[in-house]
Protein chains: 2
Amino acid sequence: MRKVALHWIGNLQFVAADDNKHSLVIDTKQEVGGNETGFQPIDLLLVSLAGCMAMDIVSILRKKHLDLKSLVFDVEGERATEHPKRFTKILLKIKSNEEIPRLDLERAVELSRDKYCSVFSTLKNPPEIFFQMNRGEE
Amino acid sequence: MRKVALHWIGNLQFVAADDNKHSLVIDTKQEVGGNETGFQPIDLLLVSLAGCMAMDIVSILRKKHLDLKSLVFDVEGERATEHPKRFTKILLKIKSNEEIPRLDLERAVELSRDKYCSVFSTLKNPPEIFFQMNRGEE
């Protein structure tokens, strides 16, 4: 079981926290009334996916004792034009240092995609999503 | 088009950045070799979903000139026991101050779920996900 909490600060700003005392500010762009003080929620979906795969890839390449010196993900998400403007396509551009053999990098990405990455798998197999609503001391 | 970038710092630690100069550290738990210096990627999926819905709900309740004083999301994600340990169920517990009529809170949640929330919609309608791999100056 994973848990996070969000608290409303004001306007469209929230603070999110995990069970381990990490916290971050989320906000949104001025066009829709935000103050741009933190990541937009939609962008955190891309960070979640890339972060999950990136950690798998580092782990896999290190187990092979390959000389990983740099790893960069540039992630692009294309959205539908109409509400709810979901992501229709996500492109992950993954770049390592040149000493990592191409086949090993490709194999690490495949293993993450097909076997290990919980976020990729959640995006491909929709979870059930439930709501409970309460007010005040209810 | 939304864009984020991730740079590997060391061990299983990365820094993620958006196009607006916001950044955050991601890491993972010690059991799998991390140093717990930041949010886990899987938890950011919950933050992304809750943040998206929370902003919708604030916007909708304010348009109705309701006296929103507090809004808290407690989010729980249940994972499969086997790799890739995807989220099978996500529960969003949403709590406002007691002055918000129950029906208005429920209606705001429904509107976000069914019409506005891009993250909810992405989780329910899998996006296409593509990869490009490069090494060094390629």
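Structure: above.
These remarks concern the structure in this document. The structure displayed is predicted, hence computed values, not measured ones.

Quick word on the environment of Met53 of chain B
As for its placement among the helices and strands, Met53 of chain B is situated in helix α1 (residues 41-63). Judged by relative accessible area, which is 0%, Met53 of chain B ranks as buried. For the pair Met53 of chain B and Glu82 of chain B, spaced 29 residues apart in sequence, the C-alpha separation works out to 29 Å. For Met53 of chain B, the residues in contact, after removing those within four places along its chain, are Phe131 of chain A together with Phe73, Val109, Ser112, Arg113, Cys117 and Phe120 of chain B.

Quick word on the nonpolar core
Counting 88 residues, the largest nonpolar core has Phe73, Leu92 and Ile94 of chain A together with Phe73, Leu92 and Ile94 of chain B as its most contacted members. Ile94 of chain A has contacts with Ile57, Leu71, Val72, Phe73, Leu105 and Val109 of chain A together with Phe131, Gln132, Met133 and Asn134 of chain B, leaving out every residue within four places of it along the chain.

Describing the packing of α1 of chain B against helix α2 (residues 102-116) of chain B
Packed helices, taken two at a time, are described by the angle their axes make and the gap between the axes. Residue and element names in this part refer to chain B. At a closest axis distance of 9 Å, the pairing of α1 and α2 adopts a crossing angle of 125 degrees. In terms of their interaxial angle, α1 and α2 are classed as oblique. Considering the relative orientation of α1 and α2, their crossing is right-handed. Contacts between α1 and α2 involve Met53, Asp56, Ile57, Ile60 and Leu61 from the first element and Asp104, Leu105, Ala108, Val109, Leu111, Ser112, Arg113 and Tyr116 from the second.

Remarks on the sheet that holds strand β4 (residues 71-79) of chain A
Within a sheet, adjacent strands bond to each other through the backbone by hydrogen bonds, running parallel or antiparallel. With mixed pairing, six strands are arranged side by side in an open sheet as β3(B)-β2(B)-β1(B)-β4(A)-β5(A)-β6(B). Only two strands of the sheet have a single partner each, and these edge strands are β3 (23-26) and β6 (128-135) of chain B. Going from strand to strand, the sheet's axes swing by 20 degrees on average, the running direction of each strand aside. Running over the sheet, helix α2 (residues 102-116) of chain A touches β5 (87-96) of chain A together with β6 of chain B and is turned about 155 degrees from β6 of chain B.

Observations regarding the sheet that holds strand β1 (residues 2-10) of chain A
Within the open sheet, the six strands sit side by side as β3(A)-β2(A)-β1(A)-β4(B)-β5(B)-β6(A). Their pairing is mixed. The sheet is open, and its two borders are formed by β3 (23-26) and β6 (128-135) of chain A, each paired with just one other strand. For this sheet the average axis-to-axis angle between neighbouring strands, irrespective of direction, equals 20 degrees. Bridge count for strand β4 (residues 71-79) of chain B against strand β5 (residues 87-96) of chain B is nine bridges, and the pairing is antiparallel. What sits directly across from Asp74 of chain B, in β5 of chain B, is Lys93 of chain B. Docked against the sheet, α1 of chain B engages β1, β2 (13-18), β3 and β6 of chain A together with β4 and β5 of chain B, running at close to 35 degrees with respect to β1 of chain A. Lying on the sheet, α2 of chain B is in contact with β6 of chain A together with β5 of chain B; it crosses β6 of chain A at an angle near 155 degrees.

Calculation rules
Residues numbered from 1 in each chain as written. Chains lettered and ligands numbered in written order. Predicted model: local features only at pLDDT ≥ 70, side-chain atom pairs only at ≥ 80, totals over all residues. Heavy atoms only, no water. Helix = DSSP H or I, 4+ residues; strand = E, 2+ residues; numbered from the N terminus. Buried < 20%, exposed > 50% of the residue type's maximum accessible area, 1.4 Å probe, protein only. Contact = heavy atoms within 4.5 Å. Core = buried A, V, L, I, M, F, W, Y, C linked by side-chain atoms within 4.5 Å. Axes fitted to C-alpha atoms, helices over the stretch in contact; angles between N-to-C directions. Parallel < 35°, antiparallel > 145°, perpendicular 65-115°, else oblique. Left-handed = near helix turned anticlockwise from the far one by under 90°. Pairing = 2+ DSSP bridges.

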